[in-house]
Each structure stands twice: as C-alpha cells, then as structure tokens.
Amino acid sequence: MTQSRLTNVMAGSTLDAAQLQRRGYLDLGLALLRENPAISVGDNSPIGTQNSFGAGQSFVSLLNLGSQRTLTLVDGMRMGGGASASIYGVGPGSQVDISALPTSLIKTIDTRLGGAGAAYGADAVAGVINYELDDHYKGVSLNAQGDWSQKLDNAAEKIALKAGTSFDHDRGGLVFDVEYRRQAGMLASDRPDSFGENAVIYHRAALGQNTPYSFVPGSGTRYIQSTLTGMPTLTGNYGDLPVYGGVYGSAYAGLANAGIANTAGTPLVFSGNGQTLVPFNSGTLLQGDNVLGIGGDGIALRNYIPIRTPSDRLNLTLLGHYDLTDHLHATWQLVRQRQFREPCR
C-alpha cells in the first residue's frame, strides 16, 4: 500500500505469513476475524448464519460498519468485487470475496482504520486492508494440512504447491501457486442440543398455557406449514396456508385450512415413499402464532442453519515482476478460482 502522511498516522495492525502458517488457516476471512479485533462478521462469512441466499463467501467488515465500507487492496491495487448474484443479495456495494486469494502466497495483511475515505473514497470509510502477495519467492514448497473439530467432524484439508524463480540477473521473477482447499461444513443439526431442534429458544406460549409472558423459553419448535415429504394444498393463492395455526385458537388450530383434509378435518401430507396421503400431526400449537408448533411432523428449520459453510475450491495464481529501471517496475497477476460444489443451504 502506498505510504503517505495520511496512512502513516492511521491506526492499524499487520498480520504476517508466519502467523497464518502457525494457526493453519484455510480462509483469510476467518483468519482476520480471529486475529484482528477490529474485524466483525461480514455480510457473507464461512461461519455462522448467512444472509438470505448467501454463498458462503468471505467478506470483511471493519468496525462493524459493513463490508461495502471496507476497501480491499492487493499489493496496493483495488481488488474487484466478487459478490454472487442472488434474489435478495448479501448487502449493498461491491464486496470483495477474499477467499479467492491463496493463503500460501500471502506475505502480510496490513489493516488501516478510519480516515481513509478522504484518500480512497466512500468504500474506505471504515478502513483499508492491503494484502501483499509474495511475488519474489524463490524455490519450491509443498504444504498439506488437515483438521477437524473436537467431535471429529467438520473436516477440512488444504494442499498447496508453490514454485518461484528469478531471471535476467534477478531483475525479474515468476511465482506460480496452485492451492486446493476443502471444508466439509456443519449444520445446526450436527449440534442439535446447542443450535438445532433441541436448542432452547424463546417462542410464544402454547395454547392453553397460562402465563403473563408473550414468549417463554423452550425447545422442539417446528414449522407446521410444510413437511419434508410435501403437503398438498387446494389453492395456489399466495398466503393461503395449508394448516390453521395457533392464532385461530383451539377451535381451529391444527385443522386443514387450504390443505387437503380427511373426514376429521386433519390436513394430509405425502407419506415417506410419496405414494399415499397420511394425517399430519401439527404438535402443540402456540398462542398468536400461525407458523410454529412444538413437536409434531413439521420441519425443524433450525436444523438447516449453517454453522460452517461447506466449500470446495481450487486456486491457480501466477505472479510476476520485472524491474525496467531502478525506479520503474512492472508487475502482473493472474488469478483463477474454481468452486466445485456450491455451499449447501
């Protein structure tokens, strides 16, 4: 990053390659989140719940001001945005997916906080992060690593091959890097008592329960308007729910609304093999709630919250430099990334 009187007085920190290697990070976004207290979880992150239809990319947010206000530089040059298109988006602006950068080529990560908007523009209001790549590397390096959680799941592995050489009496150099990273990922169902269907959360009181509180703690909530096997309906109108929820009181709760009913008024759902219709158990319905019940045959949506987003990536990078004169230097970068499997949602 070009130094000036502005950047020299800006507060910040530097993370070097030695620390990245010691901690065995597979993702630069996670490395910054753990190593730099000024970094908060971005609009899209490999850990925690994602924004609507997020792709599990790594956006960086400084001072919790948003990834669209954090400028990303690579060797002092702006990096192009990498947000995947979705029907809802993952935040305004041109966020940068830093998982496209190979971890094995990082030399330093220099962070500067605040005051950069005057120098770089509105996308640097929170600060600037400059990723310096090692384009002067010489030799050959092969690195492989693997890790997993304390429960022996959430496996991950990385294989990286890096090779570099110089030419023309060290005036120029080339560095080639190929890096494969895979993260198995985790859903809340892998930790049902902490994050999944058995986790204790606040929900509305059950029908018939006398309590002065609108919400009470409990576990086992399920979405009653659909099942894993499917719930046919009689109408196609938006907003017509197949089951009467607890908001309709005990007289109607659990009976079929827009769904197909049996003679007792109980909604029917497809069986596991999809060949017959069977009665649906909506469980214990809740006061003033039209979508949730406790227990029953509904879907425990909490089970599908991602704790760690799965990813499968191959990075190919070619760096080069050449000193035309003592004061004129040419550099070039070629980065290619392929994602073999889209993260599960």
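Keep in mind that this is a model prediction, so the values were computed, not measured. (Residues numbered from 1 in each chain as written. Predicted model: local features only at pLDDT ≥ 70, side-chain atom pairs only at ≥ 80, totals over all residues. Heavy atoms only, no water.)

### Thoughts on the packing of aromatic side chains
Counted only if it meets this: Note on aromatic pairs: the rings of Phe, Tyr and Trp (six-membered ring only in Trp) are paired at centre separations within 6.5 Å, and the planes decide the class, stacked below 30 degrees, edge-to-face beyond 60, tilted for the rest. Buried, partly exposed and exposed residues are distinguished by accessible area as a fraction of the type maximum, computed with a 1.4 Å probe on protein chains only: under 20%, between the cut-offs, and over 50%, respectively. By definition here, charges over rings are those cases where NZ of Lys or CZ of Arg is within 6 Å of the ring centre and within 35 degrees of the ring normal.
This structure, assessed with the given rule, holds 3 aromatic pairs. Aromatic pair Y244 and Y248: ring centres 4.8 Å apart, planes at 75°, arrangement edge-to-face. Its relative accessible area of 41% is what places Y248 among the partly exposed residues. For the ring pair Y244 and Y252, a centre distance of 5.5 Å and an interplane angle of 55° mean the geometry is tilted. Classification of Y252 by relative accessible area gives partly exposed; the value is 46%. Grouped by ring-pair contacts, the aromatic residues Y244, Y248 and Y252 constitute a single cluster. Here K162 stacks its cationic end above the ring of Y137, 4.3 Å away from the centre of that ring.

### Examining a nonpolar patch on the surface
Where we set the bar: Surface patches are defined over residues having more than 30% relative accessible area and no salt bridge, joining like charges when they lie within 9 Å and nonpolar side chains (Val, Leu, Ile, Met, Phe, Trp, Tyr) when within 5 Å. Note on areas: Shrake-Rupley with a 1.4 Å probe; residue coverage comes only from the protein chains shown. The working definition used for a salt bridge is a side-chain nitrogen of Lys or Arg within 4 Å of a carboxyl oxygen of Asp or Glu. Under the DSSP-based scheme used, a helix requires at least four consecutive residues in state H or I and a strand at least two consecutive residues in state E, with every element numbered from the N terminus.
Together, V140, L142, I159 and L161 make up an exposed nonpolar region whose accessible area comes to about 410 Å². When residues of the nonpolar patch are traced back to their parent elements, those giving at least two are strand 8 (139-147) and strand 9 (156-167). Mapping L161 onto the fold places it in strand 9. The class for L161 is partly exposed, based on a relative accessible area of 35%.

### With respect to the sheet that holds strand 20 (residues 311-323)
Heads up, the rule is: For two strands to be treated as a pair, DSSP must find no fewer than two bridges joining them. Convention adopted: a line fitted to C-alpha atoms gives each axis, helices being fitted over their contacting stretch, and angles between N-to-C directions are expressed from 0 to 180 degrees.
Ordered by their spatial adjacency, 5 strands build an open sheet running 8-9-10-20-21, and the pairing between neighbours is antiparallel. Looking along the sheet, the strands with just one partner apiece sit at the ends: strand 8 and strand 21 (329-339). Averaged over all pairs of adjacent strands, the angle between strand axes in this sheet comes to 10°, irrespective of strand direction. Relative to strand 9, strand 8 is paired through 9 bridges, and the arrangement is antiparallel. By the bridge assignment for strand 9, V140 is matched with A163.

### Side note on the pairing of strand 9
Both strand 9 and strand 10 (residues 172-183) contribute to a ladder of 12 bridges, which runs antiparallel. Considered in strand 10, the bridge of T165 is made with L174. Here strand 9 folds back onto strand 10, and the loop between the two strands holds 4 residues, one of which, D168, carries a positive phi near 50°.

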